[in-house]
Amino acid sequence: PGLEPASPLRVNQVGYVPGLPKRATLATGSTTPLAWTLRDSAGAAVATGQTTPKGQDAASDENVHVIDFSSFDRQGSGYTLAVGDAVSHPFDISTTAMSGLRYDSLAFFYHQRSGTPIEAEYVGEEYARPAGHVNVAPNQGDDDVPCRADLDCGYTLDVRGGWYDAGDHGKYVVNGGISAWQLQNSFERAALLGDEAALGDGTLAIPERSNGVPDVLDEARWEVEFLLSMQVPDAQPLAGMAHHKIHDEQWTGLPTLPHEDAQPRRLSAPSTAATLNLAAVAAQASRLWAPYDAEFSARTLAAAERAYAAAKANPDRIADPNDGTGGGAYSDPTVTDEFYWAAAELFATTGRYRADVTGSPLFGGESFDARGFDWGATGALGDVTLVLVPRDLAVDAIRSAIVSAADTHLATMAAMGHPAPYRTADGGYEWGSNGLIANNGMVLGLAYDLTGTQKYREGAFATMDYLLGRNPVDHSYVSGWGDQPVRNVHHRHWANQLDPSLPIAPPGALSGGPNSALQDPVAQRLLPGCAPQRCWVDHIEAYSLNEVTVNWNSALAWLSNWVAERSVP
Ligand code: 9MR
């Protein structure tokens, strides 16, 4: 598994869009231009040209050429490119090639729901499963969860619901929070600048699909309700803070479906980062839910304000970086960014908290850099909200920062054989590189939203090209999408590689992607010495480079919604 032959000729295996650049990459020993042919599904040559040699490419450690067939715009499916003996995977040229991806990538979140049965009616028989962690043996249930023994907090919490983070069954406030934020932001952006109806009621296969509320908000609410439940009750020390996470005492093996998990589950200590994350996401939920559910809108705002005040009173409670047994640590030593993000969301919702926004050292677009944002770097999320939501605040510097970050990403991409908007200082790729890439694709998309300048639109689509197959491992990193998609993601249910009676990943799940630090034994065994963009294998046990998580899928969902909308200029 994972060692499928990689074609030296790499394309977006899903499709290209008329009027936009159409580029592929060829790895070859040749240093002079080569002839390429584009064929239609019947095998007839429909366009020809010459490759452009780009020389040695550091990210892939290959000598590469670019094939540019941008001028060919005839819509169709089953196109292939060929150079000599090298043939690409088939692909479409169509304004709707990638349209359905937003719904598959959002479906991921329903699959990950905890505390509820996953019904065949929404996911098909193959992916249906009983409710997890509802106190039915061997589960102990998330309805009455105590703190870790070393905390002795003296109360239990009912923290049913939420999404499982990833291939494991942990629920982590900082990561679930940013993911809910990104789904909510996708809707908010569409409502303010684009096509809100595309994410409206009836667009997703979920139980709430005809309740009069946009489905993407319903899906995010499944997590927001969980976040609220993680708050320390009144009259307790640290009231209003949020517990950092809840997960199993020990790691479980693969496969283990949620309802089969027999491990005791425990709350970790409250943290400042988790508390501010809750404040930010609940404040954002409050303004988005105002037209649909006044009670929930008020409840989320009250929780957000309570959390924000508690974080101010407890500004340096950092989650234990070594607490990685039975669940991920998700420790974040710097919370300046979380303070800024929470203040920005509270300001956008209420008009108050202005001084906390403008007084932050991050105000003015200081959060944008070449790496981008993730669960530990959240300042940019506040900036995105401040530029989108109309308020009486000068945001020119933030807009400029977004646009100049997009320029940095375009410059990075221009120098790469397989362009991706992500670079680390030492040229390596880190755990979750595909999530960072998709988030920087979001920055490119926003730069286009703000300026209308084509190069940013092209950059966002090129980001999708990389994720969907124009990469050195010749795979689409999105399950079910493309001719050679990832299948064996690290997941305790989608474990077909280990148990043929279980399914592979359902369509729309994004693999974590190349990780040159090789942080698991399978990666270390199979990939020694790999070039950064080649440090990937489609193996279920390679968790440091082939896991799925809510935060990477929320980035994919945001970008695929944007791409679907912007496929027509
Ligand atoms: O996405 C997280 C990544 O940034 C960290 O480097 C890595 C190691 O701490 O953990 C990743 O998150 C994992 C989490 O700890 C547990 N659930 C699965 C997550 C994705 O692999």
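The preceding data block contains the structure.
Note that this is a predicted model, so its numbers are computed, not measured.

Parameters and conventions
Residues numbered from 1 in each chain as written. Predicted model: local features only at pLDDT ≥ 70, side-chain atom pairs only at ≥ 80, totals over all residues. Heavy atoms only, no water. Disulfide = S-S within 2.5 Å. Buried < 20%, exposed > 50% of the residue type's maximum accessible area, 1.4 Å probe, protein only. Near = heavy atom within 4 Å. Polar contact = N/O pair within 3.5 Å; in protein donor to acceptor, adjacent residues only side chain to side chain. Areas by Shrake-Rupley, 256 points an atom, 1.4 Å probe, with all protein chains shown as cover. Nonpolar A, V, L, I, M, F, W, Y, C, P; charged D, E, K, R; others polar. Helix = DSSP H or I, 4+ residues; strand = E, 2+ residues; numbered from the N terminus.

A.B. asks: Could you give an account of the state of the cysteines, naming the residues involved and the relevant values?
C.D. replies: One pass over the full model with this rule turns up two disulfides. The residue that forms a disulfide with Cys147 is Cys153, at a sulfur-sulfur distance of 1.9 Å. Where Cys147 bonds to Cys153 through sulfur, the torsion about that S-S bond is close to 90°, and the disulfide is right-handed. For the pair formed by Cys147 and Cys153, the shared burial category is buried. Between the sulfur atoms of Cys530 and its disulfide partner Cys535 the distance amounts to 2.0 Å. Here the S-S torsion is close to 105°, and the disulfide linking Cys530 with Cys535 is therefore right-handed. The buried category is assigned to Cys535, whose relative accessible area is 0%. If the cysteines joined by disulfides in the chain are listed in sequence order, their pairing comes out as 1-2, 3-4.

A.B. asks: Outline the site of the ligand, listing residues and values.
C.D. replies: The environment of the ligand is made up of Asp165, Ala166, Asp168, Gly328, Tyr330, Trp375, Trp431, Glu547, Thr549 and Trp552. With respect to the ligand, the side chain of Asp165 contributes an N or O atom lying 2.9 Å from a nitrogen atom. Contact with the protein chains covers 80% of the free accessible surface of the ligand, which is 460 Å². Its residues placed into classes, the shell around the ligand shows five nonpolar, two polar and three charged.

A.B. asks: Run through unusual backbone geometry, naming residues and quoting values.
C.D. replies: Omega for the bond connecting Ala137 with Pro138 falls within 30 degrees of zero, at 5°, which places this linkage in the cis form. By the element assignment, Pro138 lies in the loop between helix 2 (120-123) and strand 11 (145-146). The omega torsion across Leu254 and Pro255 is -10°, close enough to zero to call that bond cis. Its place among the elements puts Pro255 in the loop between strand 15 (245-248) and strand 16 (265-267). For Asp152, which is not a glycine, the phi torsion comes out positive at approximately 50°. Note on placement: Asp152 falls in the loop between strand 11 and strand 12 (156-157).

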